[in-house]
Amino acid sequence: MRATFAAFALVLGLVTSATIEAQTPGEVPVGSVLRDATMRGLNGPDRKLSAFRGKPLIINVWASWCPPCIAEMGSLERLAWSELGLQFTVIGISTDDYPENAKGFLTKSHATLNHYIDRQLELENMFGANRLPLTLLVDAKGRVLSKITGAREWDSPQAQQLIRTTFRGSLVTNKK
């Protein structure tokens with residue numbers, strides 16, 4: 001009887017923990033459209049998030065103090081300038097508390113992508129960035145298709161296939 005109760009409690013605990021997911025305040029879940037927000041430019045002008053509608057978008061959320069974020073930054077640059085990358089836009093959102101730290105990192109890394117900084121946790125909460133790095137794949141209408149936590153080699157064949165699959169129907173295929 002005790003073993004049965006313990007097994008039941010264990011299963012109940014697993015089911016409960018699997019269905020309860022901590023969310024950030026105001027988080028937009030996968031399948032929903034991102035709310036508009038003005039993003040403060042780190043290496044360019046301020047822009048509204050809605051200005052990126054009309055083309056698929058990859059949003060990478062990072063911080064200058066985050067080693068995995070720094071490790072994947074080069075692969076995001078290479079992806080953005082690849083043939084595949086020309087079919088969508090890649091932007092970065094820093095969660096640094098101090099803009100000068102984020103700007104210093106971008107200068108040191110010779111970043112060419114547009115990067116923005118969060119204001120008062122607005123984007124961090126909307127994206128659900130409770131772990132970094134976080135990368136969102138967003139369709140041309142602003143709908144979140146996928147949220148990927150952890151660093152990736154974004155220009156690898158596996159990551160490119162993930163992007164093609166996620167953006168299925170949104171990307172132009174070159175047929176010769």
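These remarks concern the structure in this document. (Residues numbered from 1 in each chain as written. Predicted model: local features only at pLDDT ≥ 70, side-chain atom pairs only at ≥ 80, totals over all residues. Heavy atoms only, no water.)

This part takes up the state of the cysteines. Following the criterion strictly, the structure yields 1 disulfide and no others. Paired through a disulfide, Cys66 and Cys69 show a sulfur-sulfur distance of 2.4 Å. Disulfide Cys66 to Cys69: torsion about the S-S bond roughly 75 degrees, handedness right-handed. The class for Cys66 is buried, based on a relative accessible area of 4%. Using a relative accessible area of 0% as the deciding quantity, one classes Cys69 as buried. (Disulfide = S-S within 2.5 Å. Buried < 20%, exposed > 50% of the residue type's maximum accessible area, 1.4 Å probe, protein only.)

Locating Asn60 in the fold gives a position in strand β3 (residues 57-62). Within the local environment of Asn60, its side chain forms a polar contact with the side chain of Thr135, the two groups lying 3.0 Å apart. (Helix = DSSP H or I, 4+ residues; strand = E, 2+ residues; numbered from the N terminus. Polar contact = N/O pair within 3.5 Å; in protein donor to acceptor, adjacent residues only side chain to side chain.)

Note the cis peptide between Leu132 and Pro133, where omega equals -10 degrees. Of note, Pro133 is situated in the loop between α4 (122-127) and β6 (134-138). You will see that His110, though not glycine, has its phi angle at about 55 degrees, which is positive. On the secondary structure map, His110 appears in the loop between α3 (99-109) and β5 (114-117). The backbone of Leu121 sits at a positive phi, close to 65 degrees, despite the residue not being glycine. Here Leu121 lies in the loop between β5 and α4. Residue class for Leu121 comes out partly exposed when judged on its relative accessible area of 45%.

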